[in-house]
Amino acid sequence: MGKMAAAVGSVATLAAEPGEDAFRKLFRFYRQSRPGSADLGAVIDFSAAHTARGTGPDARKVIRSQLSVSSVSDHDAHRAGLQPVSKWQAYGLQGYPGYQWHWVKQCLKLYSQKPNVCNLDKHMTKEETQDLWEQSKEFLRLKQVNKRRPRSLLEKLRWVTLGYHYNWDSKKYSADHYTPFPSDLAFLSEQVAAACGFQGFRAEAGILNYYRLDSTLGIHVDRSELDHSKPLLSFSFGQSAIFLLGGLKRDEAPTAMFMHSGDIMVMSGFSRLLNHAVPRVLPSSQGEGLPCCLETPLPAVLPRDSVVEPCSEEDWQVCTSYLKTARVNMTVRQVLAIDQDFPSEPTEEKKRDITTEGFCHLDDENSQVKRAKLNPDS
């Protein structure tokens, strides 16, 4: 997605706090905004269902990248749960609605398992976090019966790392902290990257973010990967969110846009190293409801060689209950260039245990573990 320029709309009425830069000012504005209010009038909405929004004089111009239709066969797109590239929308590259359930299920049921690393590892033993799905599914299925119950472990999950595991303290990847990257997510990522002109993209690291309705993602730049020529892929599922895309410096006011379930954002080229953040997750206008695109279950008949798996009725019920008050985001990155190695690190750092370090980079209003401030380099 290209960089956008100019116009902020009603946001200009918010007074800046002492020492507050333009990005933080808008972050605070949208964090405090009310769903459905005029406060969101300047937020660009690229979805087909909202084409009338974000088209006025205050809408920022977006450079539409040409898709490489011939780089991904219709069969491979279908295997990954995507529509043929020729049918992709300009900005919301939504797959067949039912296929979103596969990726939601994988994030909750499979990718959250060991040996992958998650935020709960800092406070719990490996045995206690061995299978978050099994420990949580009955809580989630009974969610509508007992709304005052304690949160399940899945509802306390904030992030999971895949492949090369990101170290939140050192803000680095290393060869020592690696587990095999999920093959299905790698295939999906390769097809999306190829369609956007990045043939040969290798999915080497993933960060999964699990948002509650009170979660935010702080202002940051994803610069820890050693090869910035490759794109960062972002897949959104569940409740919608406001995404802020800024400039190279914090004093440039960001562009606000909606991210809906099924949207894929590709940050590449100049936008690869821009400041960005998520100040707000927006609850459904129907209360605790699902986006319309998620009301369709996974198709019963799938391609024989599909990486997408059938979703049982029981799993579908658990995922549905979870997503009514949550958003899941998968980001996939290539860390190293071809034939590139990690630089040597001091012996002390190699010995550090990433499963007991770092804080979740998602901030919740009610979280007992919060960062003192938003980290610009996370």
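Within any chain, residue numbers begin from 1 and follow the written order of that chain's sequence. Local features in this predicted model are restricted to residues of pLDDT 70 or higher, and side-chain atom pairs are both shown and tallied only at a pLDDT of 80 or more, whereas totals for entire chains, interfaces and linings draw on every residue. Side-chain descriptors were evaluated using all non-hydrogen atoms of the structure, hydrogens and water having been removed beforehand.

Participant: Sorry if this is basic, but what is going on with helix H1 (residues 22-31) here?
Facilitator: The periodicity of an α-helix, 3.6 residues per turn, causes residues three or four positions apart to be oriented the same way. Buried residues dominate H1, accounting for eight of its ten residues. Every buried residue of H1 is accounted for by Phe23, Lys25, Leu26, Phe27, Arg28, Phe29, Tyr30 and Arg31. Residues count as neighbours in contact if any of their non-hydrogen atoms are within 4.5 Å of one another. Here a helix means four or more residues in a row that DSSP labels H or I, a strand means two or more in a row labelled E, and each is numbered from the N terminus. Residues of H1 that are buried make contact with strand E4 (215-220), strand E6 (240-245), strand E7 (255-259) and strand E9 (276-282). We define a polar contact as two N or O atoms separated by no more than 3.5 Å, with the added condition that, inside protein, one atom must be a possible hydrogen donor and the other a possible acceptor, whereas residues neighbouring each other in sequence contribute only through side-chain atom pairs. With a side-chain oxygen lying 3.1 Å from the backbone nitrogen of Phe23, the N-terminal cap of H1 falls on Asp21. The cut-offs for exposure are 20% and 50% of the maximum accessible area for each residue type, with area from a 1.4 Å probe on protein chains only; residues under the lower value are buried, those over the upper are exposed, and the others partly exposed.

Participant: Hey, could you run me through the nonpolar core in this one?
Facilitator: General note: in soluble globular proteins, nonpolar side chains tend to be found buried as a group. What we call a nonpolar core is a set of buried Ala, Val, Leu, Ile, Met, Phe, Trp, Tyr and Cys residues that are connected through their side-chain atoms within 4.5 Å. One finds Trp103, Leu185, Leu188, Val192, Tyr210, Phe235 and Met330 to be the most contacted residues of the largest nonpolar core, which totals 56 residues. Broken down by element, this core gets its largest block of residues, eight residues, from helix H6 (residues 183-195). Counting 15 residues, the second-largest nonpolar core is a separate cluster that includes Leu217, Leu232, Met259 and Met267.

Participant: Can you walk me through the UniProt feature "binding site: Fe cation" (unreviewed entry) in the chain in this structure?
Facilitator: Mapped onto this structure's residue numbering, the UniProt feature "binding site: Fe cation" (unreviewed entry) falls at His220, Asp222 and His276. Across 57 residues, the annotated set stays spatially compact, with a maximum C-alpha separation of 8.9 Å. A residue is classified by how much of its surface remains accessible, and Asp222, at 10% relative accessible area, is buried. Setting aside residues up to four positions removed in sequence, Asp222 forms contacts with Leu232, Arg272, Leu273, His276 and Arg333. UniProt positions are given in the numbering used here, feature names are shortened, and annotations may be inferred rather than shown by experiment.

Participant: Honestly, the environment of Glu288 in this entry has me stumped. Any pointers?
Facilitator: On the secondary structure map, Glu288 appears in the loop between E9 and helix H7 (313-323). Separated by 49 residues in sequence, Glu288 and Gln239 place their C-alpha atoms 9.7 Å apart.

Participant: Which parts of the structure should I look at to understand the sheet that holds strand E1 (residues 117-118)?
Facilitator: Each pair of strands is called paired provided DSSP finds at least two bridges between the two strands. Overall, antiparallel pairing links the six strands, which are arranged E1-E2-E3-E10-E5-E8 in an open sheet. In this open sheet, the two strands that pair with only one neighbour each are E1 and strand E8 (264-267). Where strand E5 (residues 232-238) lies against E8, four bridges are found, and the strand directions are antiparallel. Note that in E8 the partner of Leu232 across the bridge is Met267. Taken strand by strand, H6 contacts strand E2 (159-163), E5, E8 and strand E10 (326-333), and its axis lies near 115° from that of E5. Only the stretch in contact is used when a helix axis is fitted, and all axes are lines through C-alpha atoms; the angle between N-to-C directions ranges over 0 to 180 degrees.

Participant: Explain the pattern of salt bridges to me, please; I cannot follow it from the model alone.
Facilitator: Here the idea is simple: oppositely charged side chains can pair when their charged atoms come close. A carboxyl oxygen of Asp or Glu within 4 Å of a side-chain nitrogen of Lys or Arg is what we treat as a salt bridge. Evaluated as defined, the whole model comprises 17 salt bridges. Between Arg333 and Asp222 there is a salt bridge, with its nearest N and O atoms 3.2 Å apart. Residue Arg333 is found in strand E10, and its partner Asp222 is found in the loop between E4 and E5; the two are separated by 111 residues along the sequence. As far as the burial class goes, Arg333 and Asp222 line up, both buried. Glu225 is paired through a salt bridge with Arg272; the nearest N and O atoms lie 2.9 Å apart. Pair noted here: Glu225 is in the loop between E4 and E5 and Arg272 is in the loop between E8 and E9, with a separation of 47 residues, a long-range link. The class for Glu225 is buried, based on a relative accessible area of 2%. When salt bridges with common partners are traced through the structure, they connect Glu134, Lys137, Glu138, Arg141 and Glu314 into a single cluster.

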